[in-house]
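Residues per chain, in single letters:
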Amino acid sequence: MFHIASVFAKPVLEKFGVTDEAKERFVALQKAVTGDAGTAWIPLSRPSATLDFSTHQQTESSTFNTGAVETKDGPVTWYEFVWDTDQQIKDCILHKVSWRFYSNKLICLEVCASKDNEGFDGSDLIGHRLELRDKTGFLVGIWAAAFLIVKDTNRRSFQTSAEDDHKVLDLHIDTLAEKQTGLSFRI
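Residues numbered from 1 in each chain as written. Predicted model: local features only at pLDDT ≥ 70, side-chain atom pairs only at ≥ 80, totals over all residues. Heavy atoms only, no water.

**Some words on the overall build of the protein**
Summing up its helical and strand segments, the protein has 3 helices and 11 strands in all. Taken from the N to the C terminus, the helices and strands of the protein come in the order α-α-β-β-β-β-β-β-β-β-β-β-α-β. Per-residue burial over the protein gives 47% buried out of 187 residues. A separation of at least 24 residues holds for 62% of the contacts in the protein among residues at least 6 apart in sequence. Carbon and sulfur atoms make up 50% of the accessible area of the protein, which amounts to about 9600 Å² in all. (Helix = DSSP H or I, 4+ residues; strand = E, 2+ residues; numbered from the N terminus. Buried < 20%, exposed > 50% of the residue type's maximum accessible area, 1.4 Å probe, protein only. Contact = heavy atoms within 4.5 Å. Areas by Shrake-Rupley, 256 points an atom, 1.4 Å probe, with all protein chains shown as cover.)

Structure follows, in structure tokens:
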């Protein structure tokens, strides 16, 4: 399991006055996902445990893109899956989710989200989970990441990336299905 630590994770939690109870919940979730309780950030990773989402919405990707980037070692191909329809999850909205898989083992995720000013929650952990499949329906892997979003946030983009030397992804990178299933969640 690999981990990407966010430089901003702890300062953000402290600045926005996240309650001790919420911090404990984030840390417990972090430990369940990655086995590490050192931070309240959930990085992009392949989960090592099944997450218990209190609120979620499962949908298929709406757009598929592919291309290549020229590097000093030659071209690196990429495959992108986009969800560009608003997904309402209680008082949070995921406006756009974009997963991009590169043939050099790099994985990138962008989430654009909002949280209204209603209710008592000062912040939520929102995220996206992808079940990546090839054209035959074979499950290549599951990846997830989550971000802290605070009350009265309008269309903020969150981004994370990681390198994953996942052998199954290596074998199937050129046969990925054009439609993927994703699960937007709020914790």
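**With respect to the packing of aromatic side chains**
According to the stated counting rule, one finds 5 aromatic pairs in the structure shown. Where Trp99 meets Phe101, the ring centres are 6.2 Å apart and the plane angle is 15°; that geometry is what we call stacked. Accessibility classification places Trp99 together with Phe101 in one group, the buried group. What links up through ring pairs into an aromatic cluster is the set Phe64, Phe81, Trp99, Phe101 and Trp143. In this arrangement the basic side chain of Arg100 is found over the ring face of Trp78, its NZ or CZ atom lying 3.6 Å from the centre. (Phe/Tyr/Trp six-rings, centres within 6.5 Å; stacked < 30°, edge-to-face > 60°. Lys NZ or Arg CZ within 6 Å of the ring centre and 35° of its normal.)

**What about unusual backbone geometry?**
The phi dihedral of Lys90 falls on the positive side, at around 55°, and the residue is not glycine. The backbone phi angle of Lys105 is positive, close to 85°, even though this residue is not glycine. Locating Lys105 in the fold gives a position in the loop between strand S6 (92-102) and strand S7 (106-115). Taking relative accessible area as the criterion, Lys105 reaches 26% and is therefore assigned partly exposed.

**Considerations on the pattern of salt bridges**
Within the structure shown, the criterion is met by 11 salt bridges. One salt bridge connects Lys115 with Asp91, and the closest N-O pair in it is separated by 2.5 Å. Taken as a pair, Lys115 in strand S7 and Asp91 in the loop between strand S5 (87-89) and S6 lie far apart in primary sequence, 24 residues in all. You can call Lys115 buried: its relative accessible area is 1%. With a relative accessible area of 13%, Asp91 lands in the buried category. Note that Asp124 is salt-bridged to Lys115, the shortest N-O span being 2.4 Å. Across the pair, exposure class does not vary: Asp124 and Lys115 are buried alike. Because the salt bridges share partners, they merge into one network encompassing Asp91, Lys115, Asp124 and Arg186. (Salt bridge = Lys/Arg side-chain N within 4 Å of Asp/Glu carboxyl O.)

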